[in-house]
Amino acid sequence: QIQLVQSGSEVKRPGASVKLSCKTSGYMFSAYGINWVRQAPGQGLEWLGWVSEYDGNTQYAQNLQGRLTLTTDTSTNTVYMELRSLKSDDTAIYYCARGISAVLTPADYWGQGTLVTVSS
Amino acid sequence: IVLTQSPAILSLSPGEVGTLFCGASQRVSHSYVAWYQQRPGQAPRLLIHDSSTRATGVPFRFRGSGSGTNFTLTINSLEPEDFAMYYCQQYASSPTFGQGTRLDVK
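Residues numbered from 1 in each chain as written. Chains lettered and ligands numbered in written order. Predicted model: local features only at pLDDT ≥ 70, side-chain atom pairs only at ≥ 80, totals over all residues. Heavy atoms only, no water.

(A) Looking closely at the sheet that holds strand S7 (residues 62–67) of chain B. Residues and elements named next belong to chain B. The strand order S1-S3-S8-S7 describes an open sheet built from four strands, whose pairing is antiparallel. Lying at the two open borders of the sheet, with one neighbouring strand each, are strand S1 (3–6) and S7. The sheet shows a mean angle of 15° between the axes of neighbouring strands, direction not considered. The sheet contact formed by strand S3 (residues 18–24) and strand S8 (residues 70–75) spans six bridges and is antiparallel. (Pairing = 2+ DSSP bridges. Helix = DSSP H or I, 4+ residues; strand = E, 2+ residues; numbered from the N terminus. Axes fitted to C-alpha atoms, helices over the stretch in contact; angles between N-to-C directions.)

This is the structure in structure tokens:
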């Protein structure tokens with residue numbers, strides 16, 4: 001079955017970087033795109049960016065341009081999200097989620113989420 | 001594109017019909033709007049994409065409609081498991097989510 005398994009919780013200081021992983025299985029990697037979405041405690045959903053499994057093409061939310069990098073590793077069917085210069089309001093659950101097609105589309109399969117806490 | 005969902009909280013009883021609204025600050029081309037359900041402690045679940053296409057496995061009681069700047073999610077004959085948060089999303093341009101509607105048991 002299709003699965004997206006995310007790496008474990010992280011605690012970081014302000015100004016640090018965090019790199020999360022999302023290992024996919026159960027489907028042909030390179031045929032879809034992966035969205036990253038976060039949810040601050042008690043808040044709504046925020047779309048962060050998207051990466052093509054096929055060619056690594058990316059799109060980022062404007063407010064995160066320059067701080068966010070999405071990459072893929074086709075040898076392990078894993079997608080990575082790196083967020084730099086962390087601030088306290090980056091504290092959130094981060095989800096990876098597979099789009100329904102190869103272009104930027106809504107997500108039908110989601111990882112379990114990774115809690116990132118930014119605190120001094 | 002800014003999405004505004006209404007109402008913020010909708011209180012209904014099982015068996016009733018729920019109507020949730022999503023308004024866009026500008027026209028959403030191709031009606032590229034999706035709806036998600038999120039239960040507490042869970043990841044979101046895709047219900048509807050392209051404004052009116054049900055995702056795989058979504059019950060027929062969930063119906064999406066709309067175009068331009070006005071979109072609606074209708075849930076017929078509410079089941080106990082339908083009481084949750086609902087978010088709309090547009091993906092015609094850089095994707096954005098609405099702030100959500102909480103569907104509560106009356």
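(B) Structural view of unusual backbone geometry. The peptide bond linking B:Ser6 to B:Pro7 adopts the cis configuration, its omega dihedral lying at -10°. Structurally, B:Pro7 is set in the loop between S1 and strand S2 (9–12). A positive phi angle, close to 50°, is found at A:Ser85, a residue other than glycine. If you check the backbone angles, B:Asp50 has positive phi at about 50° while not being a glycine. The topology assignment puts B:Asp50 in the loop between strand S5 (45–49) and strand S6 (53–54).

(C) Summary view of the state of the cysteines. Evaluated as defined, the whole model comprises two disulfides over all chains. What pairs with A:Cys22 in a disulfide is A:Cys96, and their sulfur atoms sit 2.1 Å apart. Residues A:Cys22 and A:Cys96 are joined through a disulfide that is right-handed, its torsion about the S-S bond being 80°. A residue pair is termed long-range when its members are at least 10 positions apart, and A:Cys22 in strand S3 (residues 18–25) and A:Cys96 in strand S9 (residues 92–99) qualify at 74 residues. Side by side, A:Cys22 and A:Cys96 carry an identical accessibility label, which is buried. Across a sulfur-sulfur distance of 2.1 Å, B:Cys22 and B:Cys88 are joined as a disulfide pair. Residues B:Cys22 and B:Cys88 share a disulfide whose torsion about the S-S bond is about 75°; that sign makes it right-handed. In this pair, B:Cys22 sits in strand S3 while B:Cys88 sits in strand S9 (residues 85–90), placing the two residues 66 residues apart along the sequence. (Disulfide = S-S within 2.5 Å. Buried < 20%, exposed > 50% of the residue type's maximum accessible area, 1.4 Å probe, protein only.)

(D) Local environment of the packing of aromatic side chains. Evaluated as defined, the whole model comprises five aromatic pairs over all chains. With a centroid separation of 5.7 Å and an interplanar angle of 85°, the aromatic rings of A:Trp110 and B:Tyr36 are classed as edge-to-face. Of the two residues, A:Trp110 is situated in strand S10 (residues 107–110) and B:Tyr36 in strand S4 (residues 33–38); the pairing between them involves two chains. On the basis of relative accessible area, A:Trp110 is assigned to the buried category, the value being 13%. (Phe/Tyr/Trp six-rings, centres within 6.5 Å; stacked < 30°, edge-to-face > 60°.)

(E) Geometry of the environment of B:Thr19. Checked against the element boundaries, B:Thr19 lands in strand S3. With 45 residues separating them along the chain, B:Thr19 and B:Gly64 place their C-alpha atoms 9.8 Å apart.

Nothing here speaks to function; it is geometry throughout.
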